[in-house]
Amino acid sequence: QAKRSGRARWQFFDATMHSQAMTRLTIEDEIRMSLLAGDFVVHYQPLVALFDRTVVGHEALVRWQHPQRGLLSPQDFLAVAEESGLIVGIGRCVLDQVCAVLAAHPDAPGTISVNVSAVELAHDEWAEKFLGIVDIHGVDPSRLVVEVTETAVMSLRAHTAGSVAALRDRGIGLHVDDFGTGFSSIAVLRDLPVTGLKLDASFVADLAAPGAVGRLGSDGASGDGAAADGGAGGSTADGAHNAGARGSGALAAGLAGLVAHLGLTGVAEGIETEEQEATLRAQGWQHGQGYLFGRPAPWPG
Ligand code: C2E
Ligand code: MG
Ligand code: MG
Ligand code: MG
């Protein structure tokens, strides 16, 4: 009896795994073809000064204009692209488009940030190729920022440090993305020539919850529940984490102080409400990014 159901389950999993492998290979092939066809496009989301909402730069976010399935976001293909190494080619394609935009728009405001995965950082001669693309376009490297997650950096250490240092030496900015979600946030600041950090959106989402530390304009009744997802940011189950001394609000405020103390650029991600904006501004966050200010979109014009 048990054996029979066990065998049945195996057949089930076998079929599932087979179809997953097929899908994966299909996606890989489609990525390869789309790299040749130029189907990877870049959308740009503004970064603003929280002081007055002036645009201080943009973040480049890759999109896949899939021939059959329409415009796809990174969540639909990034894992396969990273596991197959194809992200290296996608990254070069993104950087090439970003540098073309910078070259064509000498008066574009501020910097453009590009995201880089651990797989890219680990790739041989990644930094040399990166700088080669920048130089082909004749773009001033100080108009670029590279965003790496602390997880990406910690997974590779020595090799990675050399790659990003080479970019820093040419004047490219280095921001730690999704700050606060890894296991080594502070060590990254110590070990790498970091110029800025991006407070992870999960901290920002928590700011909208009742009792968030440093909350401004508390008109009580609103309870807009923009961050009803209590699972964000490793919150505790009792639902009172925002009010505590180590709630997201207190952590965001403390990190703003750390950023200022180290002379770094602080960017708060995922700002969707004016309440979050006001709280973060009062905490001392210089820059912000989120749907409140603008969604990712093709470069205008
Ligand atoms: P990320 O670097 O942390 O980028 C921020 C993500 O949050 C983007 O998702 C952006 O569209 C989204 N976002 C911005 N404002 C808001 C907001 O107010 N609310 C909400 N709910 N979301 C907001 P996207 O474009 O889907 O990208 C997801 C991730 O994929 C990025 O996270 C980044 O890690 C990765 N990625 C994107 N483009 C590239 C790329 O060219 N190369 C590599 N290696 N990774 C990329
Ligand atoms: Mg990013
Ligand atoms: Mg981020
Ligand atoms: Mg992210």
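Computed from a predicted model, the values in this text were never measured in an experiment. (Residues numbered from 1 in each chain as written. Chains lettered and ligands numbered in written order. Predicted model: local features only at pLDDT ≥ 70, side-chain atom pairs only at ≥ 80, totals over all residues. Heavy atoms only, no water.)

J.: Even after reading the chapter, I still don't get the site of ligand 1, so can you show me in this structure?
T.: Every one of the 22 residues lining ligand 1 counts as a neighbour, but N115, S117, D177, E272 and Y291 are closest to it. Note that a nitrogen atom of ligand 1 is positioned 3.0 Å from one of the side-chain N or O atoms of Q45. Here an oxygen atom of ligand 1 sits 3.0 Å away from a polar atom, N or O, in the side chain of E59. Alone, ligand 1 offers 810 Å² of accessible surface; in the complex the protein occludes 78% of this. Contributions of two or more residues to the shell around ligand 1 are made by β2 (55–66), α3 (87–104) and β6 (173–179). For the shell around ligand 1, the element with the highest residue contribution is β2, accounting for four residues. For the shell around ligand 1, a count of residues per class yields nine nonpolar, five polar and eight charged. (Near = heavy atom within 4 Å. Polar contact = N/O pair within 3.5 Å; in protein donor to acceptor, adjacent residues only side chain to side chain. Areas by Shrake-Rupley, 256 points an atom, 1.4 Å probe, with all protein chains shown as cover. Helix = DSSP H or I, 4+ residues; strand = E, 2+ residues; numbered from the N terminus. Nonpolar A, V, L, I, M, F, W, Y, C, P; charged D, E, K, R; others polar.)

J.: Quick question: what am I supposed to make of the coordination of the magnesium ion (ligand 3) here?
T.: Each donor-metal-donor angle would ideally measure 109.5 degrees in four-coordinate tetrahedral geometry, or 90 or 180 degrees in six-coordinate octahedral geometry. The coordination sphere of the magnesium ion (ligand 3), as far as protein atoms go, consists of D177 (OD), D178 (OD), E269 (OE) and E269 (OE), spread over 2.1 to 2.4 Å. Between consecutive donor residues of the magnesium ion (ligand 3), the sequence gaps follow D-D-x90-E. A residue is classified by how much of its surface remains accessible, and D177, at 7% relative accessible area, is buried. (Donors = N, O, S within 2.8 Å, 3.2 Å for Na, K, Ca; no water. Buried < 20%, exposed > 50% of the residue type's maximum accessible area, 1.4 Å probe, protein only.)

J.: Explain helix α11 (residues 274–283) here, please?
T.: In an α-helix, one full turn covers 3.6 residues, which means residues spaced three or four apart are oriented alike. A large share of α11 lies buried, amounting to seven of its ten residues. When we look at burial in α11, the residues that qualify are E275, Q276, E277, A278, T279, L280 and Q283. Of the surrounding elements, those touching the buried residues of α11 are β7 (196–199), α9 (201–206), α10 (248–261) and β8 (265–268). Immediately beyond the C-terminal end of α11, within one or two residues, lies G284, with a positive phi of roughly 105°. (Contact = heavy atoms within 4.5 Å.)

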